[in-house]
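# Reading the structure
Now for the letters of each chain:
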Amino acid sequence: MVTSDTADSSRLDAGRTVDPRDPAGRLERFFDDGPRLTIRSDLDTQPAGLNARLSPDRPRPVVAEIGTVDGRQVVAFACDPRIGGGAMSEESCAGIVAAYDEALARQLPIVGIWHSGGARLDEGVRSLHGVGRVFAAMTRASGRIPQISVVIGPAAGGAAYGPALTDVVVQAPTGKIFVTGPDVVRWATGEDVTADDLGGVDAHGSRSGVSHVIAVDEDEAMAYGRHLCALLTPDPAPVDAEQVADRDLAALLPRRPGVVYDVRGLVDGVLDEPGLELQAGYARNVVTTLGRFGGRPVGIVANNPTHLVGCLDSAGAEKAARFVRLCDGFGLPIIVLVDVPGYLPGSAEELGGIVRRGAKLLHAFAETVVPTATVVTRKAYGGAYIAMNSRSLGADACFAWPGAEIAVMSPISSVRVLHRRALAGVAGDRQRAVLEQILADEHAAQVDGVAAAVELGILDAEVRPDRTRSALAEALARAAEKAGEVRGGHGNIPL
Ligand SMILES: CC(=O)SCCNC(=O)CCNC(=O)[C@H](O)C(C)(C)COP(=O)(O)OP(=O)(O)OC[C@H]1O[C@@H](n2cnc3c(N)ncnc32)[C@H](O)[C@@H]1OP(=O)(O)O
């Protein structure tokens with residue numbers, strides 16, 4: 001049984017010295033001002049006689065409440081690090097599960113504020129069972145309500161996998177996420193590492209990809225948590241094409257096609273205002289950004305030539321796949337900006353599972369039911385063309401900028417295969433290069449990928465950069481009109 005009562009917001013009297021780790025104070029800082037409801041678990045509401053271990057006046061190891069964030073209702077819970085280091089006891093796990101039950105019943109986003117040493121060691125299997133129940137509740141909620149984790153203290157063992165099961169993990173520098181802490185690592189392996197080495201913001205922001213957003217401090221982490229509630233709460237409004245004015249996006253790319261650029265300028269240029277990039281420091285060859293377009297939240301996936309010249313690799317494909325499934329699950333239309341020379345070649349990638357991990361992106365795009373639109377800005381070659389939300393995978397609209405190339409391989413690589421013998425017969429590197437270029441130009445004119453694709457209906461049209469925003473807006477609005485309000489009927493497994 002779950003009961004709710006009005007939280008006493010006067011408990012944090014102005015001027016009183018408050019322990020910054022107090023979970024009630026953390027929730028107070030997280031929510032808007034105003035009344036909040038406290039969520040209690042079955043265990044919490046049992047009469048003391050039935051459960052003599054629990055005194056009714058004891059401090060709670062987890063505080064869970066319903067409040068508002070920018071006026072919208074949200075459920076949030078926070079561990080109390082002053083009780084056993086915030087470790088997950090049978091009681092605190094029951095509190096988290098109750099918060100999940102309430103959020104699911106009311107279809108509200110849920111935010112976990114984590115500062116916990118993981119399963120409570122002195123409770124043995126009782127705490128392990130509780131932690132498992134938390135994982136099961138998170139999995140039941142997956143894809144049904146947005147789940148956001150804000151990690152502001154140690155998050156060990158079960159408290160690491162808790163956030164990892166949620167949709168977005170925000171980490172502050174005080175947050176350290178690991179399965180086993182530095183002491184256990186030292187005892188077990190002799191390796192001398194710090195909590196930061198194992199689970200700090202550099203470790204998870206750029207190496208492991210565990211954390212999606214890195215904040216500068218606890219307050220900023222809370223602010224990101226609030227912002228994410230707004231971005232991920234399903235919104236039935238379609239993209240409003242009337243709100244989307246055109247801008248010349250060509251100015252955001254170098255004039256010369258061979259010059260590398262950071263696609264994040266283009267991503268922000270497409271959006272109404274700069275967006276929130278997820279996993280910005282991890283698999284940087286793919287950019288995944290949440291933002292607003294035509295007055296509503298959308299997701300953008302883009303290749304970034306500044307890293308691996310924009311090739312798709314295992315980590316990038318997996319990162320994009322998870323993002324696409326997140327957007328699909330919460331009804332966010334997806335814009336895909338393509339400039340991809342192919343998959344990253346090499347044994348490291350093949351043996352690292354590019355076939356298995358790259359397949360996730362094919363599956364993710366092919367599975368989407370939300371409106372999606374793709375723009376090829378410079379080039380899209382081979383299997384990577386297919387993977388970046390091609391028409392064949394179900395894109396609602398596909399465009400290309402003038403001069404874009406779509407082909408199985410680049411013209412030079414193609415002629416090296418097609419004219420291998422003729423080229424081998426040419427003496428001298430310079431002469432061979434000249435012949436290669438002549439053959440490549442002929443090949444490009446002959447296959448003319450964009451014109452052929454438009455003729456076949458595989459591309460809708462060539463669009464100019466200064467007409468791209470409106471073309472995307474009209475396409476996404478049309479697709480929404482056809483489909484109605486849609487959300488993928490799937491969970492968001494942490495790929
Ligand atoms: C399924 C699973 O979750 S398995 C994982 C089980 N958990 C662990 O292995 C982590 C054990 N804890 C630790 O390694 C460390 O406490 C850390 C890294 C989490 C935090 O380190 P610090 O920030 O330095 O805090 P510190 O170690 O002082 O802990 C604070 C208090 O919480 C207690 N505590 C920390 N973790 C736990 C725990 N899992 N169970 C019970 N008490 C705990 C500590 O004993 C300490 O108590 P004290 O104040 O009475 O001395």
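If you check an unreviewed UniProt entry, the chain appears there as Acyl-CoA carboxylase subunit beta from Spongisporangium articulatum.

The next subject is the site of the ligand. In the vicinity of the ligand lie 15 residues, with Gly85, Gly117, Ala119, Leu121 and Gly158 positioned nearest. In the model, a nitrogen atom of the ligand is placed 2.8 Å from a nitrogen or oxygen of the Gly117 main chain. Measuring from an oxygen atom of the ligand, one finds a backbone N or O atom of Ala119 at 2.8 Å. Calculation on the ligand without its partners gives an accessible area of 930 Å², and the protein chains cover 49% of this total. Residue classes in the shell around the ligand are distributed as 7 nonpolar, 6 polar and 2 charged.

Right, let's talk about the layout of surface pockets for a bit. In this structure, the largest pocket occupies an estimated 600 Å³ of space. Pro254, Arg255, Arg256, Pro257 and Arg378 are the residues nearest the centre of the largest pocket, which is lined by 24 residues in total. Considering every element that reaches the lining of the largest pocket, the biggest residue donor is strand E14 (residues 372–381), with 4 residues. Among the residues forming the lining of the largest pocket, the class breakdown is 15 nonpolar, 3 polar and 6 charged.

Turning next to the environment of Ala94. Structurally, Ala94 is set in helix H3 (residues 90–106). Sequence-wise, Ala94 and Gly394 are 300 residues apart; in three dimensions their C-alpha atoms are separated by 42 Å. Once residues lying within four places of it in the same chain are set aside, the contact partners of Ala94 are Ser41, Leu43 and Arg133.

Turning our eyes to something else, we now look at the pairing of strand E12 (residues 296–303). For E12, a buried count of 8 out of 8 residues is recorded, marking the element as mostly surrounded by other parts of the structure. In E12, alternate side chains face the same way, and those of Arg296, Val298, Ile300 and Ala302 on one face and Pro297, Gly299, Val301 and Asn303 on the other are all buried. As paired elements, strand E11 (residues 286–293) and E12 share 8 bridges and run antiparallel to each other. The residue of E12 that forms the bridge with Phe293 is Arg296. Connecting E11 to the next strand, E12, in antiparallel fashion are 2 residues, including Gly294 with a positive phi near 60°. As judged from the 4 bridges shared by E12 and strand E13 (residues 334–340), these two strands associate in the parallel manner. Looking at E13, one finds that Val301 is bridged to Val336. After leaving E12, the chain enters helix H11 (residues 314–329) and then returns to the sheet as E13, a path that is right-handed.

Further remarks concern the domain arrangement of the chain. For the chain, the assigned domains are domain 1 (3–232) and domain 2 (241–404 + 449–482). Taking the mean C-alpha position of each, domain 1 and domain 2 sit 34 Å from one another. Tallying the contact residues gives 22 residues for domain 1 and 15 residues for domain 2. Between domain 1 and domain 2 the total buried area reaches about 1400 Å² when both faces are included, carbon and sulfur atoms providing 66% of it. The largest contributions to the domain 1 side of the interface with domain 2 come from His212, Leu231 and Leu232, which together make up 42% of the buried area. If you look at where domain 1 meets domain 2, you find 0 salt bridges. Counting across the interface, domain 1 meets domain 2 through 5 residue pairs in polar contact (both at pLDDT 80 or more). Those elements that place two or more of their residues in the side of domain 1 that touches domain 2 are helix H8 (201–207) and helix H9 (218–232). Of the residues belonging to the side of domain 1 that touches domain 2, the class tally is 10 nonpolar, 9 polar and 3 charged.

Criteria and thresholds
- Residues numbered from 1 in each chain as written.
- Predicted model: local features only at pLDDT ≥ 70, side-chain atom pairs only at ≥ 80, totals over all residues.
- Heavy atoms only, no water.
- Near = heavy atom within 4 Å.
- Polar contact = N/O pair within 3.5 Å; in protein donor to acceptor, adjacent residues only side chain to side chain.
- Areas by Shrake-Rupley, 256 points an atom, 1.4 Å probe, with all protein chains shown as cover.
- Nonpolar A, V, L, I, M, F, W, Y, C, P; charged D, E, K, R; others polar.
- 1 Å grid on protein atoms, 1.4 Å probe; cavity = no way out; pocket = protein on both sides within 12 Å on 5 of 7 lines; lining within 4 Å.
- Points joined across faces, edges and corners; volume = space filled by probe spheres on them.
- Helix = DSSP H or I, 4+ residues; strand = E, 2+ residues; numbered from the N terminus.
- Contact = heavy atoms within 4.5 Å.
- Buried < 20%, exposed > 50% of the residue type's maximum accessible area, 1.4 Å probe, protein only.
- Pairing = 2+ DSSP bridges.
- Right-handed = clockwise from strand over helix to strand, strands pointing away.
- Domains from an automatic or database assignment.
- Buried area = accessible area lost by both parts, 1.4 Å probe.
- Salt bridge = Lys/Arg side-chain N within 4 Å of Asp/Glu carboxyl O.

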